[in-house]
Amino acid sequence: MSPAPRDSRRQNKAGRIRRAKGLAKGKFVSAKSVPELLKRIIEPGDILCLEGDNQKQADFLANQLATLDRNDLRNIHLVMSCLTLPAHIELFKKGLIRQVDFCYAGPQGTAVADLLAAGKFPVGAIHTYNELYARYYIDLTPRVALIAAAQADREGNLFLAANTEETPAIVEPTAFSDGIVFAQVNEIVEKLPRIDIPADQVDY
């Protein structure tokens, strides 16, 4: 009897975590190890979420992702609220993205128009925020989510500071569907002001 889809996803996640063994100390990854870890946890065909809005961006993780090429990363379905960084555009220039679902392009609007004209911007749909976040729970559930937080404690709990709007809506469907959650943090502290994302929902 073949395993149920949930069992398959759980086994798949375990395999990705095994591939990344040795690149992290517990949940914590050094900056220099991030590109290699991304190569090991992201698979062709994945739905990949890059967090970002008009208040914060997973900019470090986006920049590290953009250093990869088609030997490392390909056939990715990108889901994100807005394309605002040069690193986002680089993913399309390199031909790593097979489809993108997003809400708006912001300061990269001209670059997006150029990519569209060149046939290098494969749009799935342009969504409202509410629709996109709702569909993370239905048919656009990320296999890997790259998110941003202000602080982490030693257990991996996250504090989001003033911006708590979209991060839980990305993390919860990813974590509860046996996806991988990877957070960039500004600092690691002994005690957080509050816990916005619990450690059991964060892999790295």
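Everything in this summary refers to the structure shown in the same document.

About the criteria used
- Each chain has its residues counted from 1, running along the sequence as written.
- Only residues with pLDDT of at least 70 are given local features in this predicted model, and only at 80 or more are side-chain atom pairs given and counted; all residues enter the totals for whole chains, interfaces and linings.
- Values shown for side chains rest on all heavy atoms present in the structure; no hydrogens or waters enter the calculation.
- What counts as a helix is a DSSP run of H or I of at least four residues, what counts as a strand is a run of E of at least two, and both are numbered from the N terminus.
- Here the globule rule is a power law, 2.2 Å times the number of residues to the power 0.38, and the radius of gyration is based on C-alpha atoms.
- Note on exposure labels: buried denotes an accessible area under 20% of the residue type's maximum, exposed denotes more than 50%, and partly exposed covers the range between, all computed with a 1.4 Å probe on protein chains only.
- Residue contacts are counted whenever heavy atoms from the two residues lie within 4.5 Å of one another.
- Counted as positive: Lys and Arg. Counted as negative: Asp and Glu, with His and the chain ends omitted from the count.
- A charge is said to be at NZ when it belongs to Lys, at CZ for Arg, at CG for Asp and at CD for Glu.
- One bridge is not enough; two strands pair if DSSP finds at least two bridges between them.

Topic: the overall build of the protein chain
Line of reasoning, step 1. The number of helices and strands found in the protein chain is seven helices and seven strands.
Line of reasoning, step 2. Each helix (α) and strand (β) of the protein chain, taken in turn from the N terminus, gives the series α-α-β-α-β-α-β-α-β-α-β-β-α-β.
Line of reasoning, step 3. Its C-alpha atoms give the protein chain a radius of gyration of 16 Å, within 12% of the compact-globule value 17 Å for 204 residues.
Line of reasoning, step 4. If one aligns the C-alpha atoms of the protein chain with their principal axes, the spans along those axes are about 50 × 50 × 35 Å.
Line of reasoning, step 5. Split into buried and exposed, the 204 residues of the protein chain put 50% on the buried side.
Line of reasoning, step 6. Sequence separation of 24 or more characterises 72% of the internal contacts of the protein chain that already satisfy a separation of 6 or more.
Line of reasoning, step 7. Between the averaged position of the 25 positive side-chain charges in the protein chain and that of its 25 negative side-chain charges there is a distance of 7 Å.

What to know about the pairing of strand 5 (residues 144-152)
Line of reasoning, step 1. Counting buried positions over the nine residues of strand 5 gives nine, a clear majority of the element.
Line of reasoning, step 2. In this sheet, strand 5 lies alongside strand 1 (residues 47-50) in parallel orientation, the contact comprising three bridges. Residue Leu50 lies in a different strand from strand 5, and its bridge partner there is Leu146.
Line of reasoning, step 3. For strand 5 and strand 6 (residues 158-159), the ladder comprises two bridges, and the chain directions are antiparallel. Residue pairing across strands places Ala152 opposite Leu158, the latter belonging to strand 6.
Line of reasoning, step 4. Counting the residues between successive antiparallel strands, the hairpin from strand 5 to strand 6 contains five residues, one of them, Gly156, with a positive phi of roughly 100°.

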